[in-house]
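The lines below spell out each chain.
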Amino acid sequence: MNEVSGGSETVLSNARLVLGEEIVDGSLGLRGGVITAVETGSSRLPGALDLDGDFLIPGLIELHTDNLEKHYMPREGVVWDAVSAAISHDTQIAGSGITTVYDSLTLGAAPGWDARAETVAPMIEGLKSALAHEMLRVDHFLHLRCEVTHPNIAPIFESFVEDPLVRLMSLMDHAPGDRQQPDIERYRRFLYRTWRDREAVDHHIDRLVEGSKLYGPDNRKQLSRLARSHRIPFASHDDAKLVHVEDAHGLGATISEFPTTLEAAEAADERGLAVLMGAPNLIRGGSHSGNIAAGELAKRDLLHILSSDYIPASLIQASFGLTGGEFGIPVPRAVAMVTRNPARAANLEDRGELAPRKRADLVRVKMVNERPIVRGVWSAGVRVA
């Protein structure tokens, strides 16, 4: 599909424009990578691109995805070329309608997760090389997931904070017995089945629990201090109790990622933390870990941001899924959960809305059998999918 410009301005016409609070049948102009005009009615310019009444929404903003890791290590023990991994990851992201992605990488892995920690440097190098050679289609930033159980996590994170790609940090504590895995014996049985090495499992659990107690509280303070001093927004991860949210709020967190209980989600909402939940959780009807369902929070008006987590295509599917069935959330509000709300939480003031002077990140969406199908993607005004 070729698009034609009226003068130096590209015009997209006959679209259902999803604005902040309403849907408008109209047209949108863009020039120089930004939106120049949002108007009601179809354009009469002969070169306008007719969108046939499809939705036109802002480009999706993804704050937490492990997808780059999956392309770098497509199978256990298999390491792919880091630049090729970045390119294939980017292609999948763009095709899913995501125009800004925060690639989430783990710092400070515990014993048993060592391979994951060793992938961080080469993945970042591959991503930077692909960016430097203009091989990628959309905007990429880094979300560093800091395991507070690691004794040296603060200096590890500090070595990255000056990198301009680092735009988000999260405080992670995967010690079983709390947060994501409150039942430590259930977690132990699960690892026995998958690792088949009791000694390794016991060592892994002991180190996590010990690290959480010995290093967790001070590491959370040091990491949050570093993030605040470099103006990097940060999230608390897997909040389960009121005390978790109170601690995160006191440290300056602005996002509560994947709260595991209703109590934690309510506390986060009351304190102004954006509640982020996984789109796969919403689509599947519940958490794979047995924690609070994203749909339950949506029904209670406690869901602010959706993340694709491990399935990029789930982001747009979950967003439009909220508009029907048991939820009935208006389209603009549902779309805001994957555009405007994550933009604000991440301090991205130049995107996330269809409005003049905003970055021209756009997605054309056609509804087919009640499924949202991505039919076109523009990143800073350039057609990329």
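About the criteria used
Residues numbered from 1 in each chain as written. Predicted model: local features only at pLDDT ≥ 70, side-chain atom pairs only at ≥ 80, totals over all residues. Heavy atoms only, no water. Helix = DSSP H or I, 4+ residues; strand = E, 2+ residues; numbered from the N terminus. Rg over C-alpha atoms; globule rule 2.2 N^0.38 Å. Buried < 20%, exposed > 50% of the residue type's maximum accessible area, 1.4 Å probe, protein only. Contact = heavy atoms within 4.5 Å. Areas by Shrake-Rupley, 256 points an atom, 1.4 Å probe, with all protein chains shown as cover. Pairing = 2+ DSSP bridges. Axes fitted to C-alpha atoms, helices over the stretch in contact; angles between N-to-C directions. Salt bridge = Lys/Arg side-chain N within 4 Å of Asp/Glu carboxyl O. Core = buried A, V, L, I, M, F, W, Y, C linked by side-chain atoms within 4.5 Å. Polar contact = N/O pair within 3.5 Å; in protein donor to acceptor, adjacent residues only side chain to side chain. Phe/Tyr/Trp six-rings, centres within 6.5 Å; stacked < 30°, edge-to-face > 60°.

1. As for the overall build of the chain
For the chain, the helix and strand inventory stands at 15 helices and 17 strands. At 21 Å, the chain has a C-alpha radius of gyration in line with the 21 Å of a compact globule built from 385 residues. With the C-alpha coordinates aligned to their principal axes, the bounding extent of the chain is approximately 70 × 45 × 40 Å. The burial tally for the chain puts 54% of its 385 residues in the buried class. Taking contacts inside the chain between residues at least 6 apart in sequence as the whole, the part at least 24 apart equals 66%. A total accessible area of about 16800 Å² is found for the chain, and carbon and sulfur atoms account for 47% of it.

2. Observations regarding the pairing of strand S8 (residues 98-107)
S8 sits mainly inside the fold: 10 of its 10 residues count as buried. As paired elements, S8 and strand S9 (residues 139-147) share eight bridges and run parallel to each other. Bridge pairing in S9 places Tyr 102 opposite Phe 141.

3. Structural notes on the sheet that holds strand S14 (residues 305-307)
Sheet strands pair by backbone hydrogen bonding; their relative direction is either parallel or antiparallel. Ordered in space as S7-S8-S9-S10-S11-S12-S13-S14, the eight strands form an open sheet in which the pairing is parallel. Edge positions in the sheet fall to strand S7 (60-65) and S14, since each has one partner strand and no second. Across the sheet, the axes of successive neighbouring strands diverge by a mean angle of 25°, strand direction being ignored. Of the pairings in the sheet, the one linking S9 to strand S10 (residues 166-172) comprises six bridges and is parallel in character. By the bridge assignment for S10, Leu 142 is matched with Val 166.

4. A look at the pattern of salt bridges
A pair can form between side chains of opposite charge whenever their charged atoms are brought close. Per the counting criterion, the structure on display carries 19 salt bridges. The residue Asp 54 makes a salt bridge to Arg 375 at a minimum N-O spacing of 3.2 Å. In this pair, Asp 54 sits in the loop between strand S5 (49-50) and strand S6 (55-58) while Arg 375 sits in strand S16 (residues 371-379), placing the two residues 321 residues apart along the sequence. For Arg 375, a relative accessible area of 33% puts it in the partly exposed group. One salt bridge connects Asp 139 with Arg 359, and the closest N-O pair in it is separated by 3.3 Å. Taken together, the positions of Asp 139 in strand S9 and Arg 359 in the loop between helix H15 (340-345) and strand S15 (362-368) put the pair 220 residues apart, joining distant regions of the chain. Look at the salt bridges and you will find they share partners, linking Asp 52, Asp 54, Arg 364, Lys 366 and Arg 375 into a network.

5. Description of the nonpolar core
Counting residues in each nonpolar core, the largest one holds 74 residues, and the members touching the most others are Ile 57, Phe 157, Met 169 and Leu 322. Among all residues touching Met 169, those that are not within four sequence positions of it are His 143, Leu 144, Cys 146, Phe 157, Leu 223, Ser 224, Ala 227, Ile 232, Pro 233, Phe 234 and Ala 235.

6. Thoughts on the side chain of Asp 163
Inspection of the secondary structure assignment puts Asp 163 in the loop between helix H5 (153-158) and S10. The buried category is assigned to Asp 163, whose relative accessible area is 13%. Among the polar contacts made by the side chain of Asp 163, one reaches the main-chain amide nitrogen of Leu 165 at a distance of 2.9 Å.

7. Re the environment of Ile 232
Tracing the backbone through its elements, the reader meets Ile 232 in the loop between helix H8 (216-229) and strand S11 (234-237). Taking C-alpha positions, Ile 232 is 33 Å from Val 78, a pair spaced 154 residues apart along the chain. If sequence neighbours within four positions are ignored, Ile 232 has contacts with Phe 157, Val 161, Val 166, Arg 167, Leu 168, Met 169 and Ala 227.

8. Considerations on the packing of aromatic side chains
Applying the stated criterion to the full structure yields two aromatic pairs. On the numbers, 5.5 Å between centres and 55° between planes, the contact of Phe 55 with Phe 320 is tilted. Taken together, the residues span a long stretch of sequence, with Phe 55 in strand S6 and Phe 320 in helix H13 (residues 314-321) at a distance of 265 residues. According to the relative accessible area criterion, Phe 55 is buried, its value standing at 7%. Look at Tyr 102 and Phe 141: their rings are 5.3 Å apart centre to centre, the planes differ by 55°, and that puts the pair in the tilted class. Placement of Tyr 102 in strand S8 and of Phe 141 in strand S9 is noted, with a sequence separation of 39 residues between them. Per residue, the accessibility class of Tyr 102 equals that of Phe 141, and both read buried.

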